Structure formats: structure tokens, C-alpha cells
Amino acid sequence: MLTLASNSLRLPNRDARVLTDYTLLGRRVDVVETSRGCTFDCSFCSIIEMRGRNFHPYPIERVLADIADARTHGAQAIFLVDDNITLDVKRFEQLCKAIVDAGFEDSDYVVQAMTAPLAEHGARLAPLMKAAGFRYVFLGIENILDDDLQFLRARAKNAHRDKGRAIGNASLAAIRHLHANGMFVVGGLIVGNPDDTRESIEKNLEFAKHYIDWPYIQHPTPHPRTPMTRDFIERGLIVDEDVSHYDGTTAVVRSEHVSAEEIEYLRWKADRWMKLKHLPAALRHSPWFVLKNAPKMMRHTFAGSSLRSIFGPRKRPCGVRSLPRHPAGAAGAQRRLTPPDPETSTPGSSSQSGTMCASALAVPRLENPEAPWAPGANPDSRHRRQHLRGARVRHGARLADRTHLVAPRG
């Protein structure tokens, strides 16, 4: 573990921002980073490809200075955007205490966390988080089924342990600790893995309905160079190779048993009602914001709904089909999905696909559904997206899928 010295990396220059005044439930929100990196090797993760498997924490003093600067610039809510802040539980406890000692606990904090540390240390850690002002905790549950966790390489970080021995899944214990201390769980789940059936997808969605407060349910996305990409290529499960569609909420792969269209429909149909269920809690916390924006929030959440959507997606619209195996085999498909090496690329060659994949989940993006499609884009994926996404893109629902009620103030 290498420490990032505070004197070698300056605080962000918030005055240089072009876009400002983003809000979380009506409260101005900013982002703060307390560490970088993760030591796990989840198959869906692009972080380990970009940064390697490592963990670099900032000194607590620098973190407090960053929070103070964000507050000076008007932030009332702060999202700690660390890749895995719970890798060092003792340091996280120290940070919570330091936030209280500095008098910064009146901000609303959002953080990403693993289930295993919270299950094991939650009795001590969760009260400290609550005292420090943490309100929403994104939990990387990933999946509740062992076979899917094995494919995602996420079993170890979601294992509930007793004296070093795995005794089950850590998700429920972590959720109970957070709920017992008045915090809300943003549940991160991935459905549509290679061997998923309709039943296995619905089991995960039922779990989310019963235990999480706000859904962040995504589909496995074969970002270039991530470990899962080769598996999907070799099994011929990728149905859309246009990386501009790799946003996590568009199903670009099918499973061996369920089409991409049905996978995406099952997720969309379930998570809109989960979002609605959280509305009373949001109303209690930010009544004026919710009352003022409830119609817009409902339009975002239910965009694309119709009598037809009650009965399921259309079958095979506009000649939709799975992409054939790449003519050059898995190696050829891998080349297509692998961005050029910036050190060896020739002038004029493009490395945008790698950049787009790395940032797709971090930077919400609305596309113009009428815009011309890129040369060489798969026409089937174009028609498929027009069918599934047309209404939702026009109403900004894709942005609502990937942001936790965060929007710029207009």
C-alpha cells in the first residue's frame, strides 16, 4: 500500500470547472477522492486494467482539506468516489472520526463500499459512518448467486467470514448493519451473465426489491481488456460491438438462455418500481425538492412505459439477431474490442474506444436518437436500440438510470 503524499498532488481547482451546480435531492453536491485503486480482480472492472491491482490512500489531512474546499464552494452533499474505500477498514473509521472532529458531519455523504468488510465490522463501523453524516452507501453486491459471483470473480469480496472461514454471502449482514443505523443502500447488481436464465435474473431482482433502497442494476459489459470480455467473445454472446453503447444499462450481450432484449426489459421493468418505493424517504429528507420535481422524476422513471410494455418487449424487432462470431475468430473480435496502445499507435490512429469504455459508467451521456450512426456500425444494433431506447432517450431516462437523482440545476 503506497501513500499519495499530500504535498505532491494538489487539491482540485474547483474554480476551473465549466459545469457547476450539480445537486443531490436539491442539495449542491461535489466529489472528493480519499484513495485510488483496488486490489481485487473482478472480471467486469476496468479500474485494474487502467491502474493495476493496488491501493493508494491519501493522508487524512488532505482529505479533510478537500472536503473543506468543496464546502467552501457551496457543497452540501459529498460523494466519496474511491474505487474501494473499505479495503482499509481502520483508515475508514479514522476518516469518519476525523469528519466529526472537523465539524463536517452536517454534509450528506455518499460512498461506495464492499459487503464483506461491512458484514464483518459493521457493528463498529456503521455507527461511525452514521455519526459522520453518511446517508447513501453503494454496495457492490454484484449478484446473489454463487455461480454468477464466480464468473464475475466477486465471491471473495462478498464472502461473509467468521474467524477467517467463509460462512455465506455477506450482502444481507452488510445491509442490516446499514439499515439499523439509518442509512440507505444503493444496491449494485449485475444481471445477464453468460449462464443466466430468466429465473436467475428474477431471483436477483426479487432480492433487490426486498432489501435495497435504490437500485443500480446493470448488465455485464465487455469493456476492452476487462477479464470478462474474452469469455463473451469465445462464447459468441456479444450482440452489440459499438462501444458507444457500453453504458451498463444497455444490454449488449445475451446469455446462453435469454436474449439481450429480454434481459434489458426485465431489469427496466423491475427497477422503475424500486425507485418509486424510495420516494417517501426522499420526500422526508428533501420535501421541497421532491414536491417541486416529482412530475419530472416520474417522467424519467417511467419513460417508455406503455400498455405494450406490460406484456413484454416485442420479439425480434427490425430483424434483430445476435452478431455472428467474428470471421477471424475470437482473436479477431478481441482485436476489434481492444483499443490501440497509446505508446505504439501511429499519428491519426484512434484510441477513443478505450477512453469511452473507461469513462462510460462515470460520465452520464445522452445521445440524439436522430443522429447519424457511425460508419461501419452494426445496423441491427441501431434498429435494436431505436426500438428499446427511443422513448427513454428522448425523455432522458438513460441519464436517470445512471445517476442517483443527481442533476444540474437549471
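Here the structure is shown first, and the text comes after it.
Bear in mind that the values here come from a model prediction, so they are computed numbers and not experimental data.

Peer 1: Whenever I open this one, the overall build of the protein confuses me. Can you help?
Peer 2: Of the regular secondary structure elements, the protein holds 16 helices and 12 strands. Taking all 410 residues of the protein together, 50% fall into the buried category. Expressed as a percentage of contacts within the protein between residues at least 6 apart in sequence, the contacts between residues at least 24 apart total 77%. Accessible surface for the protein amounts to roughly 19,500 Å². Of this, 54% is attributable to carbon and sulfur atoms.

Peer 1: Whenever I open this one, the packing of helix α9 (residues 260–277) against helix α11 (residues 287–302) confuses me. Can you help?
Peer 2: The relative placement of two packed helices comes down to the angle between their axes together with the axis-to-axis distance. Here α9 crosses α11 at 160 degrees, and the two axes come no closer than 9 Å. One finds that α9 runs roughly antiparallel with respect to α11. On α11, the residues that touch Arg272, Trp273, Lys275 and Leu276 of α9 are Met298, Thr301 and Phe302. Among the residues making up the contact of α9 with α11, the classes are represented as 4 nonpolar, 1 polar and 2 charged.

Peer 1: What is the right way to read a nonpolar patch on the surface from this model?
Peer 2: A cluster of nonpolar side chains, namely Val18, Leu19 and Tyr22, defines an oily patch on the protein surface of about 340 Å² accessible area. Among the structural elements, Leu19 can be located in the segment before β1 (22–24). Residue Leu19 is classed as exposed on the basis of its relative accessible area of 57%.

Peer 1: I keep staring at unusual backbone geometry and nothing clicks. Help me out?
Peer 2: Negative phi values dominate among residues other than glycine, just as trans dominates among peptide bonds. Phi is positive for Asp21, close to 65 degrees, though the residue is something other than glycine. Positionally, Asp21 belongs in the segment before β1. Note on Asp21: relative accessible area 29%, which makes it partly exposed. Notably, Leu25 is not glycine yet its phi reads approximately 50 degrees, a positive angle.

Peer 1: Just checking my understanding: could you explain helix α8 (residues 227–234) for this structure?
Peer 2: In an α-helix, one turn spans 3.6 residues, which is why side chains three or four residues apart end up on the same side. Inspection of α8 places Met228, Thr229, Phe232 and Ile233 among the buried residues, and these make up the whole buried set. Burial along α8 is one-sided: seen end-on, the buried residues are contained in an arc of 140 degrees. Two residues or fewer after α8 comes Gly236, characterised by a positive phi angle close to 65 degrees.

Peer 1: Explanation requested: the pairing of strand β2 (residues 27–32) in the structure shown.
Peer 2: Moving residue by residue along a regular strand, the side chains alternate between the two faces of the sheet. As defined by bridge partners, β1 adjoins β2 across 2 bridges and the pair is classed as antiparallel. Opposite Thr23, over in β2, you have Arg28 as the bridge partner. The antiparallel pairing of β1 with β2 creates a hairpin that spans 2 residues between the two strands, and Leu25 there sits at a positive phi of about 50 degrees.

Peer 1: Sorry, what's going on with the pattern of salt bridges here?
Peer 2: Pairing between side chains of opposite charge can happen when the charged atoms of each approach one another. Taken as a whole, this structure holds 18 salt bridges when the rule is applied. The salt bridge partner of Glu33 is Arg36, with a shortest N-O separation of 2.8 Å. Overall, Glu33 belongs to the buried group, its relative accessible area being 18%. Of the charged contacts in the structure, one is a salt bridge between Glu202 and Arg198, with a shortest N-O distance of 3.1 Å. Placement of the pair is Glu202 and Arg198 together in helix α7 (residues 198–211), with a separation of 4 residues, close to one helical turn. Judged by its relative accessible area of 35%, Arg198 falls in the partly exposed class.

Peer 1: For this particular structure, what's the right way to read the side chain of His56?
Peer 2: Tracing the sequence through the fold places His56 in strand β4 (residues 56–57). You can call His56 buried: its relative accessible area is 17%.

Peer 1: In this structure, what is going on with the nonpolar core? I would like to understand it.
Peer 2: Soluble globular proteins tend to pack their nonpolar side chains together in the buried interior. In this structure, Phe92, Ile99, Leu118, Met129, Phe134, Val137 and Leu139 are the most contacted members of the largest nonpolar core, which totals 48 residues. For this core, the leading source of residues is helix α3 (residues 89–101), giving 6 residues. Setting aside anything within four residues of it in sequence, one finds Ile99 in contact with Leu64, Ile67, Phe104, Glu105, Tyr109, Ala132 and Phe134. Counting 17 residues, the second-largest nonpolar core is a separate cluster that includes Ile47, Leu149, Ile238 and Val253.

Rules used in this analysis
- Per-chain numbering applies: the sequence of each chain, read as written, is numbered from 1 onward.
- Restriction of local features to residues with pLDDT of at least 70 applies here, the model being predicted, together with a cutoff of 80 or more for giving and counting side-chain atom pairs; totals for whole chains, interfaces and linings are based on all residues.
- Remark: hydrogens and water are excluded; side-chain values derive from all non-hydrogen atoms of the structure.
- Here a strand is any run of E in DSSP of at least two residues, a helix any run of H or I of at least four, and the numbering for each starts at the N terminus.
- Note on exposure labels: buried denotes an accessible area under 20% of the residue type's maximum, exposed denotes more than 50%, and partly exposed covers the range between, all computed with a 1.4 Å probe on protein chains only.
- The contact rule is simple, with two residues in contact once any of their heavy atoms fall within 4.5 Å.
- Surface exposure here means Shrake-Rupley accessible area, sampled with a 1.4 Å probe, where a residue is shielded only by the protein chains that are shown.
- In this description, a line fitted to the C-alpha atoms serves as the axis of each element, helices being fitted only across the stretch in contact, and the angle between N-to-C directions of two axes falls anywhere from 0 to 180 degrees.
- In these notes the angle categories are as follows: under 35 degrees is roughly parallel, over 145 is roughly antiparallel, 65 to 115 is roughly perpendicular, and the rest is oblique.
- Think of it as three bins: nonpolar holds Ala, Val, Leu, Ile, Met, Phe, Trp, Tyr, Cys and Pro, charged holds Asp, Glu, Lys and Arg, and polar takes everything else, Gly as well.
- Candidate patch residues must exceed 30% relative accessible area and have no salt bridge, after which like charges are joined if within 9 Å and Val, Leu, Ile, Met, Phe, Trp or Tyr side chains if within 5 Å.
- Any Lys or Arg side-chain nitrogen found within 4 Å of a carboxyl oxygen on Asp or Glu counts as a salt bridge.
- For this quantity, the arc is that covered by the directions from the helix axis to the C-beta atoms.
- Pairing between two strands requires that DSSP report at least two bridges joining them.
- What makes a nonpolar core is a set of buried Ala, Val, Leu, Ile, Met, Phe, Trp, Tyr and Cys residues whose side-chain atoms join them at distances within 4.5 Å.

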